[in-house]
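# Architecture at a glance
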Amino acid sequence: MLTKDHIFGPDGSLRVCQAVRCDSVTGLIRPCAHSHMLLSSGHTMAVPPDFFLHPQTGRALPIAGNVGYDPVSSTLVIAADLCTDNRKWDSPLLPFIPYPTSRHSDQPLPSSRLRGLKPGQRLQLGVPMADPDTGVPVPILGVTIHPQTGLVYPLGGVHVCPLTRLPQPIQIGYPMLDSRTGNVVLTVGVGLDPVTGAVLPVGGVLLAESIIEPLSGRMVRMGGANLRVGQLLPHAGGYQALLDCKVLAVMFRVLELLKPLTEEWGSDQTLKHHQGSERGSGRQDHLLSAAKELQQAWGRSLHCQLQLQTRLETLLEWAVALQQDGGTLGEMPLPGSDMCLPALLGMEYPDPMGSGLSVPVLGCQTDLVSGIIIPLAGTMEDPEGKGLVAIRYGSQTVDQVTGVLAPVVGARLDVSRNNVVPVTASYWLTVADQTDSVQVEALQREVCVRNTHWQQQRQREEDILSDLDSALFHCLFRVAEANSPQVHWSGRQLREAAVELQDAAQAEAQRRAAQHSHLALILPPHVLHILTLGDGEEWDQQCVWHAELVSGLDKVDVCVEQLQQDQEKWISQGRDWTAPLQAMDVELRQRELWEQCCCRQTELEAALNSLHFVRQLSQLRADTAQAMLCGNFWYKEYGLVQCSVHKPTVKVMGLLQQIALPLLERLNQVLEDKQPASFSPNTCNQHISGLSTKHASGLDMASIVWTSSVPAVKGISTQSLREPANLAHSQETGLQASSAPTHNSQRHAASSGIHSQESQPRKEPTQPTHVSVPTIPEDEWNKLLEISPLFQLLKGVQLQLKGWACGARLLRGDLTDRGKSFMDVLDAQWECEGELVPLDLSVLNAREFLVYQHGLFLMHTLDHLKLTPVISLQIAASLPNNNYTNNAFRNSFFYQEAEETLFVRRQRLQSVGGFSLLLLHCLSHVKNKDMSSDSSPAFQRLFFKILQECLGELFQARLGRPPSGQEANLCVLFPDQGDLKGTLLDSHAASLLYRLHKPNRGLLSEDEVEKLQKRHRETSLFYQLEGLLREKSSEATEGGKVNKRIPGR
């Protein structure tokens, strides 16, 4: 029987042994054939071929479930038992599944259908890959390595959903049909079929459940399961087990560092009195470093748990909703009748368009105007030209955009043509990678405010405990000093600090409650639920900590009061404190009081640690919410079944449009100083900056319904309610005349539009026309306006906008405002939000990122010309307040002088010209070290000089000429060929020859360079000769024309 010491050396190297071998492809220690292993029961059995030897414990374990693949380092990592790997993984490990081999030999299966990743795809948990059979996007749930070639294959596939009977991508936690028992179980991973090599879902166990491992007989926590010879075998390995082992290892390290410090503090009486006197020692520095490492390791473990927990909670909510309504996706109308049937996912119905085919329901889409849920089922053209066929998941179709044959992954409603069209894999991948900028910015702003609050509260709490510790030390231990004054203790400042701390926490709780209603209009419900899940627990723990703090201060007051009474008693009796007996009594009394105070401090620190843990958990939940919103979640939604779908509320959308459109139109009128005009949905949509395509399309659809024509009735006139001459008295009168009729007509058209949606089939939207309104006398109309709550709200908003515009000097009606500093038109539409929220560059779309890169190029060019200093450029979602009073772009940027970082508002990336001008303007101010005034001569001189240099570079780039430095290099290359040099500088060949002769080529020999030079010389001479021939030919042609005209004269 071989033990670990027989197989491995002291340094972990493999000894020469006939029973084990090192796999050259995977690097694992594999038992040789015909080897046996000792079980926990004392029996022996042959080692299965898919086992390996753990290098730290010497135990034989299955490879599946206990080995993971690190996609960053492209190596295998043992993810079971106590591992001494000190690496920190930026991405989760992928479960490693052994490559299937033949039963009769150790050769790999030749008929495996596994495929590698396409160029540009990432190998990461949850990232989409193409299914080998159908080509639909599926998540990556594991990897395998070919035992001969060493190629890495991602594992993912589809299976038949037991609920819808449709193909569904294999996803963690999703229901699957167990082929062994026929029961519906939850998926926990993937495996490979030992016969066909196909990817199969694995399920039937509960993760994190306590089980007895069959090999060791120990109690472990379930980490997953794998298939072996048709049997389901649970295991305790995995990425979560590896992170938990890392936490335990750091805990043991903290205990080892804490033990000598505890012994030192217990033996030294001075340290026992005040432990804070040795905080600068080396041991405590190591302890603080280990504690920080423990916090990080614990945070990574909790983050991994929250990813899976969030996925399971989402599935649980979906299952509850499925139990309540059976998964109804609206109503499917029956052709030729007025009846409708409940639409269920995967069930086939007669085609509502009348083709006579049976079409399956592949999802639903909500009308943002009427709120009606529309089932998605229809037909498409067969790619082989066989006519119409039903849209089915996994079938092939011709992509309408690219014209390439692609698999169908769903269906969507084409609003422009009012029919259901298939969704291809390429379209789905493009849409899945897009993020809603409005939602991301709102969530990042909320998370930033929460982090700031937590940091401030933590600093205040540490200050309170530090002040309490210092006050007790100076109060209690000065009693032992000879001729010390009477002890003076006052806990008033500490109590005031405690009240201030609780007030700040209460204000934050109220702010979150008020912000919750605002975020509910923007964020998806599941994201908002994750973000705010720990708010109640955090407030409860805050109240517990405050109660412990107040109670602790009361008990400390009692202890100090007893000490003061004893001191007054000793002083009144005239006792000598320096006497040995008296000093012993004082020391005993002092130690007793100090132990009581230390006990109170321990209780306070325990309550504070609980509060810090709840805050850290809330912070991890906020990170998880951001990951879900930005597409970095490990368990994203795939397939037709969407467990977390955001369904907007009709009332909310209508209210947002009723408020947003008039306000944006009025703001546009104020900025441009024009007379009020009729509201136009297209104009309003152009001024909605920052709204996503989804929201903008929803507003556009609603505008079409609101402005649709109304059936003609008696007493309705096509004229407007008032003549334009009567509307030009004042801006306030203009607002009344333009907002109120629009409101009434919109409300009437909206009600009629919703009614038509509910009672009639979907029709093509009509073109927007003017809404006809009834003729009402002016005095009656004014009375109606005075009692309208909406008009009063709009009137108040108009007064606020007018006040803000006057304060910002945007209204040019007042003569006193003329001659003031210029302000950019776009800049006038924004205001500094009051806080700096940097934006992650991964949120930017392709166009915005390209404009940002162009800004970096401009900064590099100006730095190369020694015109501007070197600073950093970042994009911000919101900007803090500033004092750039006379700056034309004061609401679009913020410069941190200490960090040398320039923050620019994201909306500026919509225009490359505007962004470039803003950047040049800001760099001139940074160089001049004055951000407030544009009228400074030094700033104007530098700004115009920078513009001159940039326009010069633009001119050279337009002509295709190399910069001045390249011309100098050409002069050096051809010193004796003046004619050729002039020819080269006047043609595009100059740039080519400069690239040819620039240093660091290293790929061409000297002979090849000479041949290229000779060829370019000949080419340039041919170009010159061709130009001369053309000139001669043109002169001859002109001469012929003149000769022809002379006889006619």
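Once a new chain begins, its residue numbering starts again from 1 and follows that chain's sequence as written. At least 70 in pLDDT is required for a residue's local features to be given in this predicted model, at least 80 for side-chain atom pairs to be given and counted, and no such filter applies to totals for whole chains, interfaces and linings, which use all residues. Processing note: side-chain calculations cover all non-hydrogen atoms of the structure and skip hydrogens and water entirely.

## Description of the overall build of the chain
A run of H or I in DSSP becomes a helix once it reaches four residues, and a run of E becomes a strand once it reaches two; helices and strands are each numbered from the N terminus. Along the backbone of the chain there are 23 helices and 39 strands. Under the scheme applied here, a residue whose accessible area is under 20% of the maximum for its type counts as buried, over 50% as exposed, and between as partly exposed, the area being computed with a 1.4 Å probe on protein chains only. Looking at the chain as a whole, 41% of its 1049 residues qualify as buried. Only heavy atoms matter for contacts: two residues are in contact if any of them lie within 4.5 Å across the pair. A separation of at least 24 residues holds for 60% of the contacts in the chain among residues at least 6 apart in sequence. The accessible surface values rely on the Shrake-Rupley method and a 1.4 Å probe; as for residues, cover is taken only from the protein chains in view. For the chain, the computed accessible surface area is about 57600 Å², with 55% contributed by carbon and sulfur atoms.

## Quick word on the pairing of strand S24 (residues 340–344)
Here a strand pair is declared whenever DSSP counts at least two bridges between the two strands. Summarising the sheet, strand S23 (residues 328–333) and S24 pair through four bridges and their orientation is antiparallel. Within S24, the position partnered with Thr328 by the bridge is Leu344. Between S23 and S24, which follow one another and run antiparallel, lie six residues, and Gly336 among them has a positive phi close to 80°.

## Focus: the environment of Gln396
Secondary-structure assignment places Gln396 in strand S31 (residues 396–398). Given the relative accessible area of 32%, Gln396 is considered partly exposed. Residues Gln396 and Val408 lie 12 residues apart in sequence; the distance between their C-alpha atoms is 6.0 Å.

## Focus: a nonpolar patch on the surface
Each patch is assembled from residues with relative accessible area greater than 30% and no salt bridge, linking like charges that lie within 9 Å and nonpolar side chains (Val, Leu, Ile, Met, Phe, Trp, Tyr) that lie within 5 Å. One side-chain nitrogen of Lys or Arg within 4 Å of one carboxyl oxygen of Asp or Glu is enough to make a salt bridge. On the surface, Leu248, Phe252, Leu255 and Leu258 cluster together into a nonpolar patch covering about 380 Å² of accessible area. Following the sequence through the fold, Leu255 ends up in helix H2 (residues 239–267).

## Overview of the sheet that holds S31
Within a sheet, each strand pairs with its neighbour through backbone hydrogen bonds, oriented either parallel or antiparallel. Spatially, S31-S32-S33 is the arrangement adopted by the three strands of the open sheet, whose pairing is antiparallel. The open sheet terminates on both sides in strands that have one partner only, identified here as S31 and strand S33 (419–424). Here the strands of the sheet are splayed against their neighbours by 55° on average, with no regard to which way each runs. Relative to S33, strand S32 (residues 405–414) is paired through six bridges, and the arrangement is antiparallel. For Asp414, the partnering residue across the bridge sits in S33 and is Asn419. Lying over the sheet, helix H5 (residues 425–433) contacts S32 and S33, oriented at roughly 85° with respect to S33. Every axis in this analysis is a line fitted to C-alpha atoms, fitted for helices over the stretch in contact. Angles between the N-to-C directions lie between 0 and 180 degrees.

## A word on the pairing of S33
The buried count for S33 comes to five of six residues, which makes it a mostly enclosed element. Turn length for the S32-S33 hairpin, with the two strands adjacent in sequence and antiparallel, is four residues, and the turn residue Asn418 shows positive phi of about 60°.

## So, the sheet that holds strand S36 (residues 837–838)
Pairing is mixed in the open sheet, where four strands are placed in the order S36-S37-S39-S38. In this open sheet, the two strands that pair with only one neighbour each are S36 and strand S38 (893–896). Across two bridges, the pairing between S36 and strand S37 (residues 872–878) is antiparallel. Each residue of the ladder has a partner; that of Pro838, found in S37, is Ala876. Against the sheet, helix H18 (residues 912–928) contacts S37, S38 and strand S39 (901–905), and its axis sits at roughly 150° relative to S39.

## Some points on the confidence of the model for the chain
Averaged over every residue, the pLDDT of the chain is 76; the share at 70 or more is 73%. In this model, residues 812–819 is a region of pLDDT below 50 whose contacts with residues beyond four sequence positions or in other chains number four contacts. Every residue is assigned a pLDDT by the predictor, reflecting its confidence on a scale from 0 to 100. Within the model, pLDDT remains below 50 along residues 1041–1049, and this stretch shows zero contacts once partners closer than five positions in the same chain are excluded.

## What to know about the packing of aromatic side chains
Planes of paired rings set the category: under 30 degrees apart is stacked, over 60 is edge-to-face and the rest tilted, where pairs are Phe, Tyr or Trp rings (Trp by its six-membered ring) whose centres lie within 6.5 Å. This model, assessed by the stated rule, comprises nine aromatic pairs. Relative to Tyr635, the ring of Phe633 lies with its centre 6.0 Å away and its plane at 75°, an arrangement referred to as edge-to-face. Tyr635 shares its class with Phe633; the two are buried. An angle of 10° between the planes, with centres 5.6 Å apart, marks the rings of Phe939 and Phe943 as stacked. Here Phe939 pairs with Phe943, and both are found in helix H19 (residues 937–959), just four residues apart, close to one helical turn. Using a relative accessible area of 2% as the deciding quantity, one classes Phe939 as buried.

## Quick notes on the pattern of salt bridges
For the coordinates displayed, the defined rule picks out 28 salt bridges. Taking the shortest distance from any N to any O, the salt bridge between Asp23 and Arg30 comes out at 3.6 Å. For Asp23, a relative accessible area of 14% corresponds to the buried category. Since its relative accessible area comes to 15%, Arg30 is described here as buried.

## Re the environment of Phe943
Owing to a relative accessible area of 11%, Phe943 belongs among the buried residues under this scheme. Separated by 76 residues in sequence, Phe943 and Leu867 have C-alpha atoms that sit 9.8 Å apart. Residues contacting Phe943, with those up to four places away along its chain left out, are Leu917, Leu920, His921 and Ser924.

## Structural notes on the packing of helix H17 (residues 846–864) against H18
Look at H17 against H18: their axes get within 10 Å of each other, and the N-to-C directions meet at 35°. Along this stretch, H17 crosses H18, giving a crossing that reads as right-handed. When H17 is examined against H18, the residues Val851, Tyr852, His854, Gly855, Leu858, Met859 and Leu862 are found in contact with a partner set consisting of Val912, Phe915, Ser916, Leu919, Leu920 and Leu923. Each residue gets one of three labels, nonpolar for Ala, Val, Leu, Ile, Met, Phe, Trp, Tyr, Cys and Pro, charged for Asp, Glu, Lys and Arg, and polar for the others, Gly among them. Looking at side-chain class alone, the contact of H17 with H18 contains 10 nonpolar, three polar and no charged residues. In this scheme the handedness of a crossing depends on how the near helix is turned from the far one: anticlockwise by less than a right angle means left-handed, clockwise means right-handed.

## Here's the deal with the environment of Pro869
Within the secondary structure, Pro869 sits in the loop between H17 and S37. Overall, Pro869 belongs to the partly exposed group, its relative accessible area being 33%. Taking the C-alpha atoms as reference points, Pro869 and Leu923, 54 residues apart in sequence, are found 7.9 Å from one another.

## Focus: the side chain of Arg512
Within the fold, Arg512 resides in helix H7 (residues 492–520). A polar contact is formed between the side chain of Arg512 and the side chain of Asp535, at a distance of 3.2 Å. Among residues more than four places away in sequence, those in contact with Arg512 are Glu446, Arg450, His453, Trp454, Asp535 and Glu538. Throughout this description, a polar contact denotes any pair of N or O atoms lying within 3.5 Å of each other; where both atoms belong to protein, one of them has to be capable of donating a hydrogen while the other can accept it, and for residues adjacent in sequence the pair is counted only when both atoms sit in side chains.

## Details of unusual backbone geometry
Backbone geometry places His34, a non-glycine residue, at a positive phi of 70°. Residue placement: His34 occurs in the loop between strand S2 (29–31) and strand S3 (36–38). In this structure, Asn418 is a non-glycine residue whose phi angle is positive, near 60°. Mapped onto the secondary structure, Asn418 falls in the loop between S32 and S33. According to the relative accessible area criterion, Asn418 is buried, its value standing at 14%.

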